[in-house]
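# Summary of structural features
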Amino acid sequence: MTGPAGRASRNATRRRRGAGRDRAGGDRTGGPTPVVVGVEDAATTTDPDTDALTRTIAMVNDKGGVGKTSLVANLAGQFAAAGYRCLLVDLNRQANLADDLGFRDGPIDDHGAGLLMSIVAGSPLRPTEGVRPGLDVVPGGARLVDLVPLMVSRVQEQGREAFRALATVLAPVAGDYDLVFVDCPPETTILTDLALTAARWVLMPTKSDGGGLVGMRLVGERFALAREQNPDLGLLGAVLFATGSRSRVVHAELREAMERAFGGQSPLFTTSIRHAERTAQDARRLGRLAHELEQEVAAQPAWWAALREGTSKTSSGRRLSPTAASVAGDYRDLGVELLTLLRAAEETTTADHRPEQEATS
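Residues numbered from 1 in each chain as written. Predicted model: local features only at pLDDT ≥ 70, side-chain atom pairs only at ≥ 80, totals over all residues. Heavy atoms only, no water.

## Notes on the overall build of the protein
Along the backbone of the protein there are 13 helices and eight strands. Residue burial in the protein is summarised as follows: out of 361 residues, 51% are buried. Within the protein, contacts between residues at least 6 apart in sequence are counted, and of these 81% link residues at least 24 apart. Here the protein displays about 16200 Å² of accessible surface, and carbon together with sulfur accounts for 52% of that area. (Helix = DSSP H or I, 4+ residues; strand = E, 2+ residues; numbered from the N terminus. Buried < 20%, exposed > 50% of the residue type's maximum accessible area, 1.4 Å probe, protein only. Contact = heavy atoms within 4.5 Å. Areas by Shrake-Rupley, 256 points an atom, 1.4 Å probe, with all protein chains shown as cover.)

## So, the nonpolar core
The biggest cluster of nonpolar side chains holds 54 residues, and the ones touching the most others in it are Val89, Leu115, Ile119, Leu147, Leu166, Leu170 and Leu194. In this structure, valine 89 is in contact with Leu115, Leu125, Val138, Leu170, Val180, Phe181, Val182 and Asp183, ignoring residues within four places of it in sequence. Leu75, Phe241, Ala290 and Tyr331 belong to the second-largest nonpolar core, a separate cluster that totals 39 residues. (Core = buried A, V, L, I, M, F, W, Y, C linked by side-chain atoms within 4.5 Å.)

## Looking at the layout of surface pockets
In this structure, the second largest pocket encloses a volume near 620 Å³. Forming the boundary of the second largest pocket are 32 residues, of which Gly67, Ser70, Phe241, Ala280 and Arg284 lie nearest the centre. At the level of elements, α2 (68–81), α3 (96–100), β7 (234–243), β8 (273–274), α10 (277–286), α11 (290–299) and α13 (324–360) are the ones that each hand at least two residues to the lining of the second largest pocket. Considering each element in turn, the lining of the second largest pocket owes the most residues, six residues, to α10. Across the lining of the second largest pocket, the residue classes tally to 13 nonpolar, twelve polar and seven charged. (1 Å grid on protein atoms, 1.4 Å probe; cavity = no way out; pocket = protein on both sides within 12 Å on 5 of 7 lines; lining within 4 Å. Points joined across faces, edges and corners; volume = space filled by probe spheres on them. Nonpolar A, V, L, I, M, F, W, Y, C, P; charged D, E, K, R; others polar.)

## Quick word on the side chain of aspartate 90
Here aspartate 90 is to be found in strand β2 (residues 86–90). Here aspartate 90 is buried and forms no salt bridge, its nearest opposite-charge partner arginine 104 lying at an N-O distance of 7.2 Å. Within polar-contact distance, the side chain of aspartate 90 engages the backbone nitrogen of asparagine 92 at 2.9 Å. Every residue in contact with aspartate 90, bar those within four places of it in the chain, is listed here: Ala95, Asn96, Leu97, Leu115, Val138, Pro139, Gly140, Leu144 and Asp183. (Lys, Arg positive; Asp, Glu negative; His and termini not counted. Salt bridge = Lys/Arg side-chain N within 4 Å of Asp/Glu carboxyl O. Polar contact = N/O pair within 3.5 Å; in protein donor to acceptor, adjacent residues only side chain to side chain.)

## Here we look at unusual backbone geometry
Of note, the phi angle at aspartate 105 is positive, near 60°, even though the residue is not glycine. Within the secondary structure, aspartate 105 is located in the loop between α3 and α4 (113–121). Non-glycine residue histidine 111 carries a positive phi angle of around 60°.

## Looking at the sheet that holds strand β4 (residues 135–138)
In spatial order, the strands read β3-β4-β2-β5-β1-β6-β7-β8; together these eight strands make up an open sheet with mixed pairing. Across the chains shown, the open sheet's two edge strands, defined by having one partner strand only, are β3 (128–132) and β8. Direction of pairing for β3 relative to β4: antiparallel, over a ladder of two bridges. Along β4, the bridge assignment pairs arginine 132 with leucine 135. Contacts from α2 reach β1 (56–59), β2, β4, β5 (179–183), β6 (201–206), β7 and β8 within the one sheet, and its direction differs from that of β5 by about 165°. (Pairing = 2+ DSSP bridges. Axes fitted to C-alpha atoms, helices over the stretch in contact; angles between N-to-C directions.)

## Points about the packing of α4 against helix α6 (residues 165–174)
Here α4 crosses α6 at 105°, and the two axes come no closer than 9 Å. Comparing the axis directions of α4 and α6 gives the class roughly perpendicular. Only Ala165, Leu166 and Val169 of α6 make contact with α4, whose side of the interface consists of Leu115, Ser118 and Ile119. For the contact of α4 with α6, the class distribution of residues is five nonpolar, one polar and no charged. (Parallel < 35°, antiparallel > 145°, perpendicular 65-115°, else oblique.)

## Details of the environment of serine 321
Note on placement: serine 321 falls in the loop between α12 (303–309) and α13. Among the residues examined, serine 321 registers a relative accessible area of 7% and is labelled buried. Between the alpha carbons of serine 321 and leucine 293 there is a distance of 8.6 Å; along the sequence they are 28 residues apart. In contact with serine 321, other than residues within four places in its own chain, are Arg278, Thr279, Asp282 and Val297. At 2.7 Å, the side chain of serine 321 forms a polar contact with the side chain of threonine 323.

## What about α4?
Structurally, the α-helix is built with 3.6 residues per turn, so residues lying three or four positions apart point the same way. Among the nine residues of α4, seven are classified as buried, and the element is accordingly described as predominantly covered. Of the residues making up α4, those classed as buried are Ala113, Leu115, Leu116, Ser118, Ile119, Val120 and Ala121. Check the buried side of α4 and you find it contacts β2, β4, α5 (147–158), α6 and α7 (189–198). Within two residues after α4, glycine 122 carries a phi angle of roughly 70°, on the positive side.

## Concerning the packing of α5 against α7
Packed helices, taken two at a time, are described by the angle their axes make and the gap between the axes. In the contact formed by α5 and α7, the axes pass within 9 Å of each other and the chain directions differ by 75°. With respect to α7, the element α5 is oriented roughly perpendicular. Residue-level inspection shows Leu147, Val148, Met151 and Val152 of α5 in contact with α7, the latter providing Ile190, Leu191 and Leu194. Of the residues belonging to the contact of α5 with α7, the class tally is seven nonpolar, no polar and no charged.

Right under this line is the structure:
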């Protein structure tokens, strides 16, 4: 179930389970009891409330430049504009989400310090609220450089259970949102493992070049390892990003690569995101999402009228590309497809568990 009704249903389930823990002397919040430590490294992690993480999607590809951040920002931005509550967690030290959402070096940009300290202490994440209406963010940034050696040390002490650390600090807040997206960095397997152990679903953007497909194969290897700690982890599918072709040949090659990487599974989204260089440049330069650029394009005067009036450039320095409308439409179509897949997967999961629940009631 999606939207506010779905969130209310999930929160009700969590409250019932939390009440049971409370009667047994556990945490009263409905989430996992955090490790009580100072600023030093927490030695252990707690078992996360996996029910709260059922709408958590990790955006993963080991190759950079394939659209992970653009997809996270634009999908969440459009969902938030449609009334869904969304949370973005930025695990990338480059923090490109700060550029796409326009808060780079602003007062809310902590460069990843809050995310790092939550994982160090085992305390719940504290998202920055209202980056857009209904859209909250846990920023990434340069401070995350310390997260890799921290996790190396923990894995040496605890084994792969250490990778539950992100799930532990995300679960207490995830139930307040309809969708949670984790933006994963390229070529940093330790941080990818953190995300995959916290997520319920994996979404992989790729380009039609060889690099993106190689990155997909590497994700397949991490996916298999992550399921040892997170057996509910599932693959939503792959999205072809910044492509100038929707040909059957490209899609067939992509499906074949996914089958090799994920043991016969080859889900591929019907919607792809078209290549539009000017719109991509406008978006990152201005800190606007595609649907926001679409609105600004519609408001700017026609080019001939601007020339006649001597206002051929906008206040931002140049006219915005009209392709923003097409790109925004791609993201809308992709969002509808994603929600449809999520709903179908959740209904299947509910049906699979119903006989067991009825037998024990």
